[in-house]
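Geometric and topological summary
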Amino acid sequence: EAKSAGRNTLRFFDPAMQSMVAERTELESDLRAGLQRGELMLYYQPVVDADCRVVGAEALLRWQHPVRGMVSPMQFVPLAEQTGLIIPLGEWVLQTACAQLAAWARSPDCAQLTLAVNVSARQFRSPEFVVQVQNAIQQNGADPRLLKLELTESLLLTDSQEAIMKMTALRSLGVRFALDDFGTGYSSLSYLKMLPLQQLKIDQSFVRDVLTDVNDAAIASTVLALGRSLGFDVVAEGVETEGQRQFLLNQGCVFFQGYLFGRPVPVTEFSVG
Ligand code: C2E
Ligand code: MG
Ligand code: MG
Ligand code: MG
């Protein structure tokens, strides 16, 4: 009907919506410039084993904006995905992470640390992805066996043949793969075994209330049992209390990440001691 169509058309000029669009456009051009100006950095959060020894780290992207202050990746990663800026941004992350691995290799305390890097869907689907990873490893002289790429379930479900080919190519170099935020997506169990994965990360939404919510406790225990029977390492994310750690440890969890062990920090503040 003409009247309602007219109303819908008018909604497009809604000032609130218009300012939202303007804000996004500004954020996007800011991000593009920020990448050039060196405003992006990686923070490192420790991953520990059952004895609380640091065995690795996850690289987490930070944007130190001169006016906005620290911008969360939750705000700008999805935007970078939508605009395609994630391709150069993701390449910068891979290069920076591999340079860090190579630097750690020269210090005895850090030489064995693994480094996990988050990969977004559009970045992974790009035809250049495998070459981007290979270049980052080779140009920085990083040990590919210490590099772990974190993928999400939705990313793997969309074109699984293509995903398996890319993962297999990188596996042959020694690169490892983790499934991030596990339990929040829709992976079928048979499908999990088809993928060349080495690790599952229990999403922090299940860890948060693991001591008080019987469903979350059941999910965490099930993921740990699944990991054991399918031969995946399991990392629990978002561990903040000793009680959570004890529960997960009792359920067979061997790797942990969370504020209890350390927040994400600039590399100069990262220590294994
Ligand atoms: P993620 O990969 O699941 O990373 C874990 C998030 O949980 C991080 O948030 C981390 O700071 C936070 N975290 C760790 N321990 C705790 C804890 O004990 N309690 C709580 N409440 N939170 C904890 P962050 O750094 O804000 O990153 C958010 C998300 O942004 C990441 O989730 C990841 O999906 C994305 N991201 C971050 N860096 C990159 C990147 O370089 N590339 C891509 N594509 N995505 C990234
Ligand atoms: Mg992650
Ligand atoms: Mg996660
Ligand atoms: Mg997450």
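Here, the structure is the one placed above.
One structure accompanies this document, and this report is about it.

The rules behind the values
- Residues numbered from 1 in each chain as written.
- Chains lettered and ligands numbered in written order.
- Predicted model: local features only at pLDDT ≥ 70, side-chain atom pairs only at ≥ 80, totals over all residues.
- Heavy atoms only, no water.
- Donors = N, O, S within 2.8 Å, 3.2 Å for Na, K, Ca; no water.
- Helix = DSSP H or I, 4+ residues; strand = E, 2+ residues; numbered from the N terminus.
- Near = heavy atom within 4 Å.
- Polar contact = N/O pair within 3.5 Å; in protein donor to acceptor, adjacent residues only side chain to side chain.
- Areas by Shrake-Rupley, 256 points an atom, 1.4 Å probe, with all protein chains shown as cover.
- 1 Å grid on protein atoms, 1.4 Å probe; cavity = no way out; pocket = protein on both sides within 12 Å on 5 of 7 lines; lining within 4 Å.
- Sits in = over half its atoms within 2 Å of the grid points.
- Nonpolar A, V, L, I, M, F, W, Y, C, P; charged D, E, K, R; others polar.
- Core = buried A, V, L, I, M, F, W, Y, C linked by side-chain atoms within 4.5 Å.
- Buried < 20%, exposed > 50% of the residue type's maximum accessible area, 1.4 Å probe, protein only.
- Contact = heavy atoms within 4.5 Å.
- Phe/Tyr/Trp six-rings, centres within 6.5 Å; stacked < 30°, edge-to-face > 60°.
- Pairing = 2+ DSSP bridges.
- Right-handed = clockwise from strand over helix to strand, strands pointing away.

**Comments concerning the coordination of the magnesium ion (ligand 2)**
Protein-derived ligands of the magnesium ion (ligand 2) are Glu 58 (OE), Asn 118 (OD1), Glu 150 (OE) and Asp 180 (OD), with the metal-ligand distances lying across 2.0 to 2.2 Å. Sequence positions of the donors to the magnesium ion (ligand 2) reduce to the motif E-x59-N-x31-E-x29-D. Between the magnesium ion (ligand 2) and the magnesium ion (ligand 3) the interatomic distance comes to 4.0 Å, and Asp 180 is a ligand of both metals. Here Asn 118 lies in strand E4 (residues 114-118) and Glu 58 lies in strand E2 (residues 54-65), a separation of 60 residues in the sequence.

**Details of the site of ligand 1**
Lining the immediate surroundings of ligand 1 are 22 residues, of which Arg 62, Asn 118, Gln 204, Glu 240 and Tyr 259 lie closest. With respect to ligand 1, the side chain of Glu 237 contributes an N or O atom lying 3.3 Å from an oxygen atom. Calculation on ligand 1 without its partners gives an accessible area of 800 Å², and the protein chains cover 83% of this total. The cavity that encloses ligand 1 is the largest pocket. Sorting the residues of the shell around ligand 1 by element identifies E2, helix H3 (73-83) and strand E6 (176-182) as the ones contributing at least two each. With four residues, E2 is the largest single contributor of residues to the shell around ligand 1. Of the residues that constitute the shell around ligand 1, the class distribution is nine nonpolar, six polar and seven charged.

**Side note on the nonpolar core**
Trp 104, Leu 147, Leu 149, Leu 156, Leu 200 and Leu 248 are the most contacted members of the largest nonpolar core, which has 77 residues in total. Examining the composition of this core, we find that nine residues originate from one element, helix H4 (residues 86-105), more than from any other. For Leu 149, the contacting residues outside a window of four places in its chain are Leu 94, Val 117, Val 119, Phe 129, Val 133, Leu 170, Val 175, Arg 176, Phe 177 and Ala 178.

**Regarding the packing of aromatic side chains**
For the structure on display, the rule yields five aromatic pairs. Centroid distance Phe 256 to Phe 261: 6.0 Å. Interplanar angle 45°. Geometry classified as tilted. Taken as a pair, Phe 256 and Phe 261 share a single burial class, namely buried. Among the aromatic residues, those joined into a ring-pair cluster are Tyr 44, Trp 104 and Phe 270.

**Describing the environment of Arg 145**
Here Arg 145 shows up in the loop between helix H6 (129-140) and strand E5 (147-151). The exposed category is assigned to Arg 145, whose relative accessible area is 53%.

**Describing the side chain of Gln 100**
Within the fold, Gln 100 resides in helix H4. Classification of Gln 100 as buried rests on a relative accessible area of 15%. Excluding residues within four positions of it along the chain, Gln 100 makes contact with Tyr 44, Leu 115 and Val 267.

**Considering the pairing of strand E8 (residues 233-236)**
Sheet topology places strand E7 (residues 199-202) next to E8; four bridges connect them, and they run parallel. Within the sheet, the bridge partner assigned to Ile 202 lies in E8 and is Ala 236. The sheet contact formed by E8 and strand E9 (residues 255-257) spans two bridges and is parallel. For Ala 236, the partnering residue across the bridge sits in E9 and is Phe 256. For the handedness criterion, the β-α-β arrangement of E8, helix H12 (residues 242-250) and E9 is classed as right-handed.

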